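# Coordinates in review
The lines below spell out each chain.
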Amino acid sequence: MPRHGLHPHLAWGPVHRASFGLIYGSILVLSLLMAMDEVRDGPFEAAIVLFGSVLAVTLAKIFAEVLSHSMETGERILTRKAFGAAWSHSHSTLLVANVPTAIFILAGLGVFSVETATAVAQAFCVFVLVVLGARVGWVINHSWWLPIAGALFAGSVGVGLAAMKYAIH
């Protein structure tokens, strides 16, 4: 019996709507971490570069979406509706970067080392991918094996990106 009278599928509605941005943001953060040398540059610089880069990519996505939508439909681009629609499709990308950014700020404040911050930020992104991969499997087929396969597949993408950082550096 569903808790609080809600259908279990409806409780996942906001996550389903944000899933593209959460997945894209997680992979983007892992890719940026792979390229960064946060140990050399320092944790505050890493936080600024990480958040700033994800913000730039998110704004570029919004800009491209608004312009391409206008070309496809002939609608005006400088409207609240156009930017609202583009933002609603993109804000979850930026949202997923907040946790790794906060982790690097905490490292800058001495809560833990930059190496630990990198590992925790990577683990967070992999966790997001694992959860969403499992959810995809469950949505496709309410069995036990497809969510596990989805979690393993999505998580392996994240783990692969995280491992590449250490292979490169």
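Before reading further, recall that the structure is shown in the block above.
Residues numbered from 1 in each chain as written. Predicted model: local features only at pLDDT ≥ 70, side-chain atom pairs only at ≥ 80, totals over all residues. Heavy atoms only, no water.

### As for the packing of helix 2 (residues 13-35) against helix 5 (residues 80-108)
Using the following cut-off: Note on geometry: axes are lines fitted to C-alpha atoms, helical ones only across the stretch in contact, with angles between N-to-C directions running from 0 to 180 degrees. A run of DSSP states H or I qualifies as a helix once it reaches four residues; a run of E qualifies as a strand once it reaches two. Both are numbered from the N-terminal end. Every angle not falling under 35 degrees, over 145, or within 65 to 115 is termed oblique; those three ranges are roughly parallel, roughly antiparallel and roughly perpendicular. It is the rotation of the near helix from the far one that decides the hand of a crossing: anticlockwise by less than a right angle makes it left-handed, clockwise makes it right-handed. Whether two residues are in contact is decided by their heavy atoms: any pair within 4.5 Å suffices. Only Asp, Glu, Lys and Arg are considered charged, only Ala, Val, Leu, Ile, Met, Phe, Trp, Tyr, Cys and Pro nonpolar, and every remaining residue, Gly among them, polar.
One can describe the packing of helix 2 onto helix 5 by two numbers: an axis separation of 6 Å at closest approach and a directional angle of 40 degrees. Our classification of the angle between helix 2 and helix 5 gives oblique. In the crossing of helix 2 with helix 5, the sense of the turn from one axis to the other is right-handed. Facing Ala18, Gly21, Leu22, Tyr24, Gly25, Ser26, Leu28, Val29 and Leu33 of helix 2, the residues of helix 5 in contact are Ser92, Thr93, Val96, Ala97, Pro100 and Phe104. Here the residues of the contact of helix 2 with helix 5 sort into 10 nonpolar, 5 polar and no charged.

### Quick notes on a nonpolar patch on the surface
Definition in use: Patches were defined on residues exceeding 30% relative accessible area and lacking a salt bridge, with like-charge contacts within 9 Å and nonpolar side-chain contacts (Val, Leu, Ile, Met, Phe, Trp, Tyr) within 5 Å. To be clear on the numbers: accessible area is Shrake-Rupley with a 1.4 Å probe, and residue cover counts the displayed protein chains and nothing else. Between Lys or Arg on one side and Asp or Glu on the other, a salt bridge is scored when a side-chain nitrogen of the former is within 4 Å of a carboxyl oxygen of the latter. For each residue, the accessible area found with a 1.4 Å probe, counting protein chains only, is set against the maximum for its type, and the residue is called buried under 20%, exposed over 50%, and partly exposed in between.
Together, Phe44, Ile105, Leu106, Leu109 and Val111 make up a nonpolar patch on the protein surface, roughly 440 Å² of accessible area in all. Structurally, phenylalanine 44 can be placed in helix 4 (residues 43-73). On the accessibility criterion, phenylalanine 44 (37% relative accessible area) is partly exposed.

### Concerning the nonpolar core
Put simply, the test is: Here, the term nonpolar core denotes a set of buried Ala, Val, Leu, Ile, Met, Phe, Trp, Tyr and Cys residues that are joined through side-chain atoms within 4.5 Å.
Grouped together as the largest cluster of nonpolar side chains are 25 residues, with contacts concentrated most on Val29, Leu30, Leu33, Leu50, Val54 and Phe104. Mapped by element, the contributors of at least two residues to this core are helix 2, helix 4, helix 5, helix 6 (114-140) and helix 7 (145-168). Valine 29 has contacts with Leu50, Val54, Ala97, Pro100 and Cys125, leaving out every residue within four places of it along the chain. Ala18, Leu22, Val128 and Leu132 belong to the second-largest nonpolar core, a separate cluster that totals 5 residues.

### Focus: the packing of aromatic side chains
Put simply, the rule is: The criterion for an aromatic pair is that two Phe, Tyr or Trp rings (for Trp, the six-membered ring) have centres within 6.5 Å, with stacked assigned to planes under 30 degrees apart, edge-to-face to planes over 60 apart and tilted to the rest.
Under the counting rule described, the total for this entry stands at 1 aromatic pair. With centroids separated by 5.7 Å and ring planes inclined at 10 degrees, the aromatic side chains of phenylalanine 20 and tyrosine 24 adopt a geometry described as stacked. With a gap of 4 residues between them, phenylalanine 20 and tyrosine 24 both fall in helix 2, about one helical turn apart.

### Here's the deal with the layout of surface pockets
Spelled out, the test is: Think of a 1 Å grid over the protein atoms and nothing else: a 1.4 Å probe that fits but is trapped marks a cavity, an open set flanked by protein within 12 Å on at least five of seven lines marks a pocket, and residues with an atom within 4 Å of a point count as lining. Grid points are joined across faces, edges and corners, and a volume is the space filled by probe spheres set on the points.
In this structure, the largest pocket occupies an estimated 160 Å³ of space. If you trace the largest pocket, you find 13 residues lining it, with His69, Glu75, Lys81, Ala82 and Ala85 closest to the centre. Within the residue set of the lining of the largest pocket, elements represented by two or more residues are helix 4 and helix 5. Along the lines of polarity and charge, the residues of the lining of the largest pocket split into 5 nonpolar, 4 polar and 4 charged.

### Section: the side chain of glutamate 38
Cut-off, in case you're wondering: Contacts described as polar in this section are N or O atom pairs within 3.5 Å, which, within protein, must combine one atom able to donate a hydrogen with one able to accept it, while residues neighboring in sequence count only if both atoms come from side chains.
Mapped onto the fold, glutamate 38 is located in helix 3 (residues 38-41). On the accessibility criterion, glutamate 38 (4% relative accessible area) is buried. In this structure the side chain of glutamate 38 is engaged in a polar contact, spanning 2.6 Å, whose partner is the side chain of threonine 118. The contacts of glutamate 38, once residues within four sequence positions are left out, are Leu33, Pro43, Ala46, Phe104, Val114, Thr118 and Lys165.

### Details of the packing of helix 2 against helix 7
Two numbers describe how helix 2 lies on helix 7: the axes approach to 8 Å, and their chain directions differ by 10 degrees. As summarised for this structure, helix 2 and helix 7 are arranged roughly parallel, according to the angle between their axes. Contacts between helix 2 and helix 7 involve Ile27, Leu30, Ser31, Leu33 and Met34 on the former and, on the latter, Val157, Gly158, Leu161, Ala162, Met164, Lys165 and Ile168.

Taken by themselves, the reported measurements are silent on function.
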